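Examining the three-dimensional arrangement
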Amino acid sequence: MTTTSAEVTLRSIQKSFGRQTVLNDVDLTIRGGELLAVLGPSGCGKTTALRVIAGLERPDHGTVHIDNDDVTHRRIDKRGIGIVFQAYSLFPHQTAAENVAYGLRVRGTGRSSREARAAELLAMVGLADHGSKYPQQLSGGQQQRVALARAIAIEPRVLLLDEPLSALDAQVRVQLRDEIRRIQYEMGTTTVLVTHDQEEALSMADRVAVMRAGQVEQVGTPHEVYRRPATAFVSSFIGVVNRLSGRVVGGDRVLVLGQGLTLSTAGHSVGHVIAVLVRPEHLAIQRADASAADAATGVVTALTLRGAISSLTVLLPELPDTIRVDLPSREAQDFTRGDRVRVIVHAEDALIDASAVPSAAVRAGERAAA
Amino acid sequence: MSGAGSRSIVQGVVLVVAGLLFAVPLVASASFGFTLPAEGFTLTPIADAVADSGFGPQVLQSLALALLTTIASFALLIPTLVWLHLRARRWLPIAEALSVIPFVVPAVALVNGANLAFRLTVPGFLTSVYSLVPFYVILTLPLVYRALDTGLRAIDLNTLVTASASLGSGPIRTFFSIILPNLRPALLTAALLSFTMVLGEYVLATLLLHNTFPVFLVQIGQDRPRAAAALSLITIVGTWLMLSAFTGRGLARRRRGPAAPDAAVPVVAPILNPDVRISA
């Protein structure tokens, strides 16, 4: 099987629809052979970026290169790309095998060769016995597998996945994303996955590009964007984050929940109140005396078992809403609703958001969806 | 009596009345066309009609007109509608409104206008029987437009075209390999509508002095009314058979499951009207 690992480069891409700027000076490089997930809330420009790479939208400014080949003004059928769409896109009048072989037929591949290749690819996606079925006789997950086989049959230079799992139910989605990852790894095809599902992006991608308002906020490995988010938006969009109030007390020292932490204060003056973002797993708790009455001491209002970890919801006196603390379930079982606890912040994992108003735990995905 | 019982009685009465309204003219037509007072059942009237020197040429003429009208309608409407659906969806409501204009322009007005216009500009144009084709394209436009539009709405045209293009297929190949095969049920419906309307069109042909099958039916009806009744009945039965064959195909495809053919089937219903009107 041929391995194609072209590098895709977007340079200074701008795209507007009427007065609305959808892509604003986007620079992005997708390395040869990697799977890059473009992640962001609805309307952030991620699908438009994919359509620009595909040749379905022409940028107002900037260039698209596949390796050293400038394809900015090249038609979609001349770019050597494969696409799997969000909507079911199999040709209804063709069987699964005919669908897979279509691109090869266009390229003039002989009948026996393309039939053999279609059979091989259908076997690869686990549908060896479904070649003679029509799309209407296949489930949604099976249709998307055939669409994937069809897209890779032509050995594209770049594979574009436009939210291919979003129409599927949760169980099939999880199963199929593992399969897509396996096949992409085996093929080594440079792949761009557009998704609004952070779990999908983090679990499938070699690197993740987080977009907001037509711009790329951060590109990094899933580990990097989760553990070292470059901006407050990234930290709040990916995973769950608690927004705590902090006061700059000098240099890089910030007082958070009555605890002095060493944080980069990004030029804030002494006395400024800033928002400090901390993930639930970067907080710890210990049992407090009934008489303790400081900013870090509060009451457990709920405890949720999530398997290996449990989430405790804690109400602190100086915050308007509750915060979330994640603990190994074995430790969490020592606590119960109504317990007085003291919250401890790990400074090394905190991030400052100067623009944000302190509030309670925010699940970024939920906020974006709203 | 319960509500459900009353409803079923009303439904039964409506069904019987509708059946009688539909069947009585056909039975009367069959009785009149295939019997003679002294002989009972006979094929003599229809044999006389078929033996008439005008029958063969005028039937062939009408079939050729129907074929040319269908081809011209498809050549005009399929690329236009595909383009509208892919590139200019906001113009679709306007196109749809324009497509029904032939319904509100009486055939007589169309003929008078055409007569005046062509006598002044291209006097020889209307002498050919095939000059009827553009007028028939206009007459069939509302029905053919709807059949094709329904077919296009039933498929995810944009996604299919994009998928085809991403696999390296150019626009022309995509049109013939992907769009047309998925429009097949709509094309069949549209062709059937076009054929039956043209085979039954009398007003334009007679006013422009052309001899087509419906004109032949009227002419023969003046001398041999039984032959006209028998031929009309056979025309209706032929249309029915075509319709049944098509509907059977549609149902067979539906059992396989495609979304596209389903929506196109109901459009066939108006097809009966032109023939019934002409043969009455």
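All of these numbers come straight from a predicted model, not from anything done at the bench.

The subject of this paragraph is the overall build of chain B. In terms of helices and strands, chain B carries 15 helices and two strands. Each of the 280 residues in chain B was classed as buried or not, and the buried ones make up 36%. The contacts of chain B with a sequence gap of at least 6 include a subset with a gap of at least 24, amounting to 80%.

Glancing now at the UniProt feature "domain: ABC transporter" (unreviewed entry) in chain A. UniProt's entry tags residues 8–238 of chain A with the feature "domain: ABC transporter" (unreviewed entry), counted in the numbering of this structure. Taken end to end, residues 8–238 of chain A comprises 37% helix and 26% strand; its first and last C-alpha atoms sit 25 Å apart.

UniProt feature "transmembrane region" (unreviewed entry): in the numbering of this structure it lies at residues 12–34, 63–86, 98–118, 124–145, 186–207 and 227–246 of chain B. Helix makes up 86% of residues 98–118 of chain B and strand makes up 0%, while its end C-alpha atoms are separated by 23 Å.

Residue and element names in this part refer to chain A. Spatially, β2-β1-β4-β5 is the arrangement adopted by the four strands of the open sheet, whose pairing is antiparallel. Looking at strand neighbours, the two that pair on one side only are β2 (20–30) and β5 (69–70), the edges of this open sheet. Note that strand β1 (residues 8–17) and strand β4 (residues 61–66) share five bridges and pair antiparallel. Note that in β4 the partner of Q14 across the bridge is H61. Helix-sheet contacts for helix α1 (residues 46–54) involve β1, β2 and β4, and the interaxial angle to β2 is about 65°.

Residue and element names in this part refer to chain B. Between helix α8 (residues 157–166) and helix α9 (residues 171–182), the least distance of the axes is 10 Å, while the angle of their chain directions is 150°. When the axis of α8 is compared with that of α9, the two are roughly antiparallel. Note on packing geometry: the crossing formed by α8 with α9 is right-handed. Packed against α8, whose contacting residues are L160, V161, S164 and A165, the element α9 presents T174, I178 and N182 at the interface.

How each quantity is defined
- Residues numbered from 1 in each chain as written.
- Chains lettered and ligands numbered in written order.
- Predicted model: local features only at pLDDT ≥ 70, side-chain atom pairs only at ≥ 80, totals over all residues.
- Helix = DSSP H or I, 4+ residues; strand = E, 2+ residues; numbered from the N terminus.
- Buried ≥ 20, exposed ≤ 12 C-beta atoms within 10 Å, placed from the backbone.
- Contact = placed C-beta atoms within 7 Å.
- UniProt positions renumbered as here; feature names shortened; annotations may be inferred.
- Pairing = 2+ DSSP bridges.
- Axes fitted to C-alpha atoms, helices over the stretch in contact; angles between N-to-C directions.
- Parallel < 35°, antiparallel > 145°, perpendicular 65-115°, else oblique.
- Left-handed = near helix turned anticlockwise from the far one by under 90°.

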